Amino acid sequence: QVQLVESGGGLVQAGGSLRLSCAASGRTVSGYAMAWFRQAPGKEREFVAAVSWSGGRTDYADSVKGRFTISRGSKNTLYLQMNSLKPEDTAVYYCAASQIATPLPRITTYGYWGQGTQVTVSS
């Protein structure tokens, strides 16, 4: 009964920035972690970043450390600030919610998914 909707994707040149948002609706599960994953054409879906319910603990994929920042806002909103974007960041980005507190990088941990938002980075 939880719905996640991503927004903020688009086309940007290499070195530019974008901020993705994820809005959750429906019954909220207290104490759950949330995360961002991405999937490029012909590639497997991969972990990008995760954050605990309180926002006090985060985890990032090595490929985005120092460039991306995950955070939680008000009204059950999740953000992903993406700076210094590279062409290899091009993918569909998905918001996901878990039913446990620990922000694990495993896809199987997350039971709720958004529809995805396209991010395209040109060289």
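In case you missed it, the structure is sitting above this.
As the structure is a prediction and not an experimental result, all values here were calculated from the model. (Residues numbered from 1 in each chain as written. Predicted model: local features only at pLDDT ≥ 70, side-chain atom pairs only at ≥ 80, totals over all residues. Heavy atoms only, no water.)

A word on unusual backbone geometry. In the Ramachandran plot, Ser-84 falls in the positive-phi region, its phi being about 50 degrees despite a non-glycine side chain. With respect to the element layout, Ser-84 can be found in the loop between strand S8 (77-82) and strand S9 (91-98). On the basis of relative accessibility, which here comes to 41%, the residue Ser-84 falls in the partly exposed class. (Helix = DSSP H or I, 4+ residues; strand = E, 2+ residues; numbered from the N terminus. Buried < 20%, exposed > 50% of the residue type's maximum accessible area, 1.4 Å probe, protein only.)

As a further point, take the packing of aromatic side chains. In the structure shown here, the tally under the stated rule is 4 aromatic pairs. Ring geometry for Tyr-32 and Trp-53: centres 4.8 Å apart, planes at 40 degrees, overall tilted. With a gap of 21 residues between them, Tyr-32 in the loop between strand S3 (18-26) and strand S4 (34-39) and Trp-53 in the loop between strand S5 (46-51) and strand S6 (58-60) connect regions that are remote in the sequence. Tyr-32 gets classed as buried once you look at its relative accessible area, which sits at 5%. On the basis of relative accessible area, Trp-53 is assigned to the partly exposed category, the value being 35%. Residues Phe-37 and Tyr-110 carry aromatic rings whose centres are separated by 5.4 Å and whose planes lie at 70 degrees to one another, so their mutual orientation is edge-to-face. With Phe-37 in strand S4 and Tyr-110 in strand S10 (residues 110-113), this residue pair connects regions lying 73 residues apart in the sequence. With respect to burial, Phe-37 and Tyr-110 carry one shared label: buried. (Phe/Tyr/Trp six-rings, centres within 6.5 Å; stacked < 30°, edge-to-face > 60°.)

Across the sheet, which stays open at both edges, the 4 strands sit in the order S1-S3-S8-S7 with antiparallel pairing between neighbours. This sheet does not close on itself; its edge strands, each paired only once, are strand S1 (2-7) and strand S7 (68-73). On average, each strand axis in the sheet is inclined to that of its neighbour by 15 degrees, with strand direction left out of account. Pairing between S3 and S8: 6 bridges, direction antiparallel. Paired with Ala-23 across the bridge in S8 is Thr-77. (Pairing = 2+ DSSP bridges. Axes fitted to C-alpha atoms, helices over the stretch in contact; angles between N-to-C directions.)

Turning our attention to the nonpolar core. Membership of the largest hydrophobic core comes to 33 residues, with the highest contact counts inside it found for Trp-36, Leu-80, Met-82 and Tyr-93. Sorting the residues of this core by element identifies S3, S4, S5, S7, S8, S9 and strand S11 (117-122) as the ones contributing at least two each. Those residues in contact with Leu-80 that lie beyond four places of it in its chain are Leu-18, Arg-19, Leu-20, Trp-36, Val-48, Ala-49, Phe-68, Thr-69, Ile-70 and Tyr-93. (Core = buried A, V, L, I, M, F, W, Y, C linked by side-chain atoms within 4.5 Å. Contact = heavy atoms within 4.5 Å.)

The next subject is the pattern of salt bridges. Under the definition given, this model contains 4 salt bridges. Through salt bridges with shared partners, a single ionic network connects Arg-38, Glu-46, Arg-67 and Asp-89. (Salt bridge = Lys/Arg side-chain N within 4 Å of Asp/Glu carboxyl O.)

Once that is clear, we can look at the pairing of S3. Pairing geometry for S1 and S3, over 6 bridges, is antiparallel. Bridging across to S3, Gln-3 finds its partner in Ser-25.

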